[in-house]
Structures are given as C-alpha cells and as structure tokens.
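Per-entry structural report
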Amino acid sequence: HELLELSELYSNEFEEMSKCASFPNQNPNPILRVDLNGKIIFRNKKAEELNEIEIDGQVYEIQEYIIKIVDGRKSKTNFEFEASTNGIYYSFIVCPIPNEGYYNIYGSDITDKKKSELRAQENFERLNNFLESTDDAYYIVYKKNKHKNS
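Position numbers for residues count from 1 along each chain, tracking the sequence in the order it is written. Given that this is a predicted model, residues contribute local features only at a pLDDT of at least 70 and side-chain atom pairs are listed and counted only at 80 or more, while totals for whole chains, interfaces and linings are drawn from all residues. Each side-chain value is worked out from all heavy atoms of the structure, with water and hydrogens disregarded.

In this section: helix H3 (residues 62–70). Because an α-helix completes one turn every 3.6 residues, residues spaced three or four positions apart along the sequence face the same direction. We call a residue buried when its accessible area falls under 20% of the maximum for its residue type, exposed when it is over 50%, and partly exposed in between, using a 1.4 Å probe and counting protein chains only. Note on conventions: DSSP H or I runs of at least 4 residues are helices, E runs of at least 2 residues are strands, and numbering of each starts at the N terminus. Looking only at H3, the buried set comprises Ile 62, Tyr 65, Ile 66, Ile 69 and Val 70. Considered in projection along H3, the buried side chains sweep an arc of 115° and stay on one side of the axis. The directions considered for the arc are those from the helix axis to the C-beta atoms.

When you line up the elements, Ser 84 lands in strand E5 (residues 79–85). The exposure class assigned to Ser 84 is buried, which follows from its relative accessible area of 15%. Residues in contact with Ser 84, not counting those within four places in the same chain, are Glu 52, Ile 53, Glu 54 and Tyr 89. It only takes one pair of heavy atoms within 4.5 Å for two residues to be counted as in contact.

In this section: the packing of aromatic side chains. Ring geometry is summarised as follows: Phe, Tyr and Trp rings, the Trp one being its six-membered ring, pair when their centres sit within 6.5 Å, and such pairs are stacked at plane angles under 30 degrees, edge-to-face over 60 and tilted between the two. The full count for this structure, using the stated rule, is four aromatic pairs. Note on Tyr 60 and Tyr 65: the rings are 4.9 Å apart at their centroids and 55° apart in plane angle, and the pair reads as tilted. Across the pair, exposure class does not vary: Tyr 60 and Tyr 65 are buried alike. Seen from their ring centres, Tyr 65 and Phe 81 are 5.2 Å apart, and the 55° between their planes marks the pair as tilted. Separated by 16 residues along the polypeptide, Tyr 65 in helix H3 and Phe 81 in strand E5 bring together distant segments of the chain. Like Phe 81, Tyr 65 is buried. Here the aromatic cluster, defined as three or more aromatic residues joined through ring pairs, consists of Tyr 60, Tyr 65, Phe 81, Tyr 90 and Phe 92. The criterion is that NZ of a Lys, or CZ of an Arg, lies within 6 Å of the ring centre and within 35 degrees of the ring normal, and then a charge sits over that ring. Its end group placed over the ring of Tyr 102, Arg 33 keeps NZ or CZ at 3.9 Å from the ring centre.

These results come straight from atomic positions and should not be treated as a statement about function.
See the structure below:
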C-alpha cells in the first residue's frame, strides 16, 4: 500500500515537473538561455525562428550578436536591447544568472508599438518639412490658433 502511494506521489511530481519544463516552449515570445561566453544552450520554439536579427541597420546571426553582448561581461544587472527580423520587432531583456553560469534572455514582440512610433516620426518629419518649406505655414498655423482662441 505504501509503495503504491509512493509511486503515485512520484508520478504526480514527474507530471508537474514535465509541465514546468514545457512552460518555456509554450511561450509565444522568444526565450533563450546562453552560457557565460554567449553560446546558446537552450531556445524555445519561437527563438528557433530567429536566425538573423537586425540592430541599428546591421544584420547579425543571433549567435554572433549574443556572444558580442555577453562574452566577458562582468555586470550582474539586467540589460535590454531591441532587434527586428522579418518585419517583427522585439525588445529583449538579458538577465544574468551568474551563480548558475548562464544568462536568460526574454523577448517581447513590440511590433505594434514600434510601427506606431515610426509612423509618428514620419508624420512629424513631413509636417516639419512642410513648415520649413513655406512662408505661408506660419500664417496658416497662426490664423487657425487665433480662430480657436476667439
């Protein structure tokens, strides 16, 4: 009877551990674990799709970039970077776990936010170019504001 209870206890614990182990793969955002030298030791399914990333107009292989940012890093504080690939923008937070000998890297899809920022920047630049290109712009803005305040 005790053997059966013990077997059931281990079975339940194994099932719970399996659920926990599958948790990163169920995440719709990229999750990576890299050793202290930057070598990828785990990627979830979404992170496996990231072979190349673009940062500030330069394209990197993901492994190459991660080595560049973590190799020899002494800081034990989290840091962030943004990257894009195939029209999808990500914000990544890199979390050092020095006692365990690795970094966890968590990505979040920020595509909608980034596209909104880019549209706002384009609109600002268009308006600015218009205002700088015409003498009438001052009059139009002045006249509209004067009319609003009346």
